[in-house]
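# Structural characterization, general
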Amino acid sequence: FRVAGDGNVGIGTTSPLALLNIEGPNNQDGNDYAQLYIKGTGTYPDDIAGIVLDSAGSNQSHIRFHNNGTPKFQIRYNSGNVSDDKLFFYSFTQSSDMVTMDGATGNVGIGTTSPGNPLHIVGNTAKLEGSGSGYTAWFITNSGTGNAGTYYDAINGDTAGGDYGFIGQNNS
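The rules behind the values
Residues numbered from 1 in each chain as written. Predicted model: local features only at pLDDT ≥ 70, side-chain atom pairs only at ≥ 80, totals over all residues. Heavy atoms only, no water. 1 Å grid on protein atoms, 1.4 Å probe; cavity = no way out; pocket = protein on both sides within 12 Å on 5 of 7 lines; lining within 4 Å. Points joined across faces, edges and corners; volume = space filled by probe spheres on them. Helix = DSSP H or I, 4+ residues; strand = E, 2+ residues; numbered from the N terminus. Nonpolar A, V, L, I, M, F, W, Y, C, P; charged D, E, K, R; others polar. Polar contact = N/O pair within 3.5 Å; in protein donor to acceptor, adjacent residues only side chain to side chain. Contact = heavy atoms within 4.5 Å. Pairing = 2+ DSSP bridges. Buried < 20%, exposed > 50% of the residue type's maximum accessible area, 1.4 Å probe, protein only. pLDDT = per-residue confidence, 0-100. Axes fitted to C-alpha atoms, helices over the stretch in contact; angles between N-to-C directions.

The calculated volume of the largest pocket comes to roughly 930 Å³. Along its surface, the largest pocket is lined by 17 residues, and Leu 20, Ile 22, Leu 36, Ile 63 and Arg 64 are the ones closest to its centre. Looking at the lining of the largest pocket, the elements with two or more residues in it are β3 (20-22) and β4 (61-67). Ranked by residues supplied to the lining of the largest pocket, first place goes to β4 with four residues. Grouping the amino acids of the lining of the largest pocket by side-chain chemistry returns eleven nonpolar, four polar and two charged. The computed volume of the second largest pocket comes to approximately 760 Å³. Looking at the second largest pocket, it is lined by 15 residues, and the ones nearest its centre are Ile 121, Ala 126, Trp 138, Thr 150 and Tyr 151. Those elements that place two or more of their residues in the lining of the second largest pocket are β9 (119-121) and β10 (147-152). Among the elements that take part in the lining of the second largest pocket, β10 stands out by supplying four residues, more than any other. Among the residues making up the lining of the second largest pocket, the classes are represented as eight nonpolar, seven polar and no charged.

What follows is the structure, encoded as structure tokens:
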């Protein structure tokens, strides 16, 4: 390993690009394919292995996935210098956040960074596809006294004003 003049440490490289830069072939053991392996030992809780990303202030923490030097995906907590308590899955190919988990509400968004429901999907198509000899179903249930069903709105995207269709059951 090498310690550069700027204090960066290189393992497998003489020109480290960060505080710790590891380069080289993976361990090729058929299971891990890793350059970095962390294992907790002893008994609980000492045997828990982990990595902590702790950003100062409200800045983001992230893990990036590159292919041959080109960034492809990023898992990011917070947006830049905005503390929004969200976990984002970003695609560099699409240039957008594809999935968002909101820590404040517990909501998950696909195609939106502001999910307003437990599962909020924004896009032209959501698909359920089955295979084999069984059937594919979308179950919508309500164990209380309210309605259960599906709203269809091709006009303005809301369920107000009566300009929508509803297929379901009223349990009240």
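Mapped onto the elements of the fold, Asn 107 is located in the loop between β7 (96-102) and β8 (108-110). Engagement of the side chain of Asn 107 in a polar contact is seen with the backbone oxygen of Pro 115, the distance being 3.2 Å. With near-sequence residues (within four places) excluded, Asn 107 lies in contact with Thr 100, Met 101, Asp 102, Pro 115, Gly 116, Asn 117 and Pro 118.

Turning next to the sheet that holds strand β2 (residues 9-11). Taking strand neighbours across the sheet as the criterion, the three strands line up as β1-β2-β3 in an open arrangement whose pairing is mixed. In this open sheet, the two edge strands, each paired with only one partner strand, are β1 (2-3) and β3. Pairing of β1 with β2, which is carried by two bridges, proceeds in the antiparallel orientation. Note that in β2 the partner of Arg 2 across the bridge is Gly 10.

The next point concerns the environment of Ser 133. With respect to the helices and strands, the residue Ser 133 is situated in the loop between β9 and β10. On the accessibility criterion, Ser 133 (82% relative accessible area) is exposed. Ser 133 sits 119 residues away from Thr 14 along the chain, and the two C-alpha atoms are 59 Å apart.

It is worth spelling out the environment of Ile 110 at this point. Checked against the element boundaries, Ile 110 lands in strand β8. For Ile 110, the residues in contact, after removing those within four places along its chain, are Met 98, Val 99, Leu 119, His 120, Ile 121 and Val 122.

Looking at the chain as a whole, its pLDDT mean stands at 84, while 91% of the residues score no less than 70. Confidence, expressed as mean pLDDT per element, reaches its minimum in the chain at strand β11 (residues 165-170) with 74 and its maximum at β7 with 97.

Spatially, β4-β5-β6-β7-β8-β9 is the arrangement adopted by the six strands of the open sheet, whose pairing is mixed. The open sheet has two edge strands, β4 and β9, and neither has a second partner. Taken pair by pair, the neighbouring strands of this sheet meet at an average axis angle of 20 degrees, ignoring direction. Relative to β7, strand β6 (residues 82-91) runs antiparallel, the two being bridged by six bridges. Each residue of the ladder has a partner; that of Leu 87, found in β7, is Met 101.

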